[in-house]
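Inside the fold
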Amino acid sequence: MDKTKIAVLVSGGGTNLQALIDAEKKGVLKSGKLTLVISNNAIAHALTRAKDAGIPALTITKKDCGSQEAFEDALMKALDENGIELIVLAGFMSILSARFTGHYENRIINVHPSLIPSFCGKGFYGLKVHEAALAYGVKVTGATVHYVNEIPDGGRIILQKAVPILPDDTPKSLQKRVMERAEWILLPEAAELVSAQVQKHKEYRQ
Ligand code: GAR
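Residues numbered from 1 in each chain as written. Predicted model: local features only at pLDDT ≥ 70, side-chain atom pairs only at ≥ 80, totals over all residues. Heavy atoms only, no water.

**So, the site of the ligand**
Surveying the vicinity of the ligand reveals 15 residues, the closest of which are Gly14, Thr15, Asn16, Gly126 and Glu183. Between an oxygen atom of the ligand and a side-chain N or O atom of asparagine 16, the distance comes to 3.0 Å. Glutamate 183 places a polar side-chain atom, nitrogen or oxygen, 2.6 Å from an oxygen atom of the ligand. Look at the ligand: alone it shows 450 Å² of surface, and the protein chains cover 92% of it. Under a 2 Å grid-point criterion requiring more than half of the atoms, the pocket assigned to the ligand is the largest pocket. Among the secondary structure elements, those contributing two or more residues to the shell around the ligand are α1 (15-26), β5 (108-112) and α7 (171-205). Looking at side-chain class alone, the shell around the ligand contains six nonpolar, eight polar and one charged residues. (Near = heavy atom within 4 Å. Polar contact = N/O pair within 3.5 Å; in protein donor to acceptor, adjacent residues only side chain to side chain. Areas by Shrake-Rupley, 256 points an atom, 1.4 Å probe, with all protein chains shown as cover. 1 Å grid on protein atoms, 1.4 Å probe; cavity = no way out; pocket = protein on both sides within 12 Å on 5 of 7 lines; lining within 4 Å. Sits in = over half its atoms within 2 Å of the grid points. Helix = DSSP H or I, 4+ residues; strand = E, 2+ residues; numbered from the N terminus. Nonpolar A, V, L, I, M, F, W, Y, C, P; charged D, E, K, R; others polar.)

Right, dumping it as structure tokens:
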């Protein structure tokens, strides 16, 4: 059975993309194949990681496309041309419309650096999430991998892992712990789970 073709959408450093690349090498991600990386930022370090791993990568920006609709059309065209069956948002800092998420229902997953439903939704991304957790004073945070629907961070939860907050934490130290102990483990596991599901679905239809 053919592996599920995965596209990873990125915007920045790409440490979660790296975790997926490493997981594929180690065989943790075995039902899916990292097939394409798309960045909405031409200078994202994630693009270098994709290149080093030999994964085709391209940049598509909203600015170049002119509108959200044209941006999403360009994304869909690239995804369709590459036969993509599963989209992984790995630090992708752009909210996708209901038209886009509806087109790929149960085929888009995202990693978010908190225990949803805390510190999530519009405006909560990257370091801001950890700043908010520290400002609130919670003692436990974590990461969540979830399906993506029209509500930002509102889709069905797939995996979640808690991480403690320590008294001297800064947003950066907390971000690092959440990545190391939760995100980089959960995202490859979830990618494998959903890739296997997509494969099964294909088998039934044959
Ligand atoms: C990660 O912490 C990811 O969970 C977060 O941005 C960071 C990207 O890092 N994503 C969001 O906040 C999305 N709402 P990376 O580029 O090194 O993977």
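Read on, since the account is not over.
**Describing the pairing of strand β6 (residues 140-147)**
Burial analysis of β6 places seven of its eight residues in the buried class, the great majority of the element. Across four bridges, the pairing between β5 and β6 is antiparallel. Directly across from isoleucine 109, in β6, lies its bridge partner tyrosine 147. (Buried < 20%, exposed > 50% of the residue type's maximum accessible area, 1.4 Å probe, protein only. Pairing = 2+ DSSP bridges.)

**Topic: the pattern of salt bridges**
When the charged atoms of two side chains lie near each other, side chains of opposite charge can form a pair. The final tally for this structure, using the stated rule, is six salt bridges. Among the ionic pairs, lysine 176 bridges to glutamate 180, the shortest N-O distance being 3.1 Å. Of this pair, lysine 176 and glutamate 180 are both found in helix α7, four residues apart, which corresponds to roughly one turn of the helix. (Salt bridge = Lys/Arg side-chain N within 4 Å of Asp/Glu carboxyl O.)

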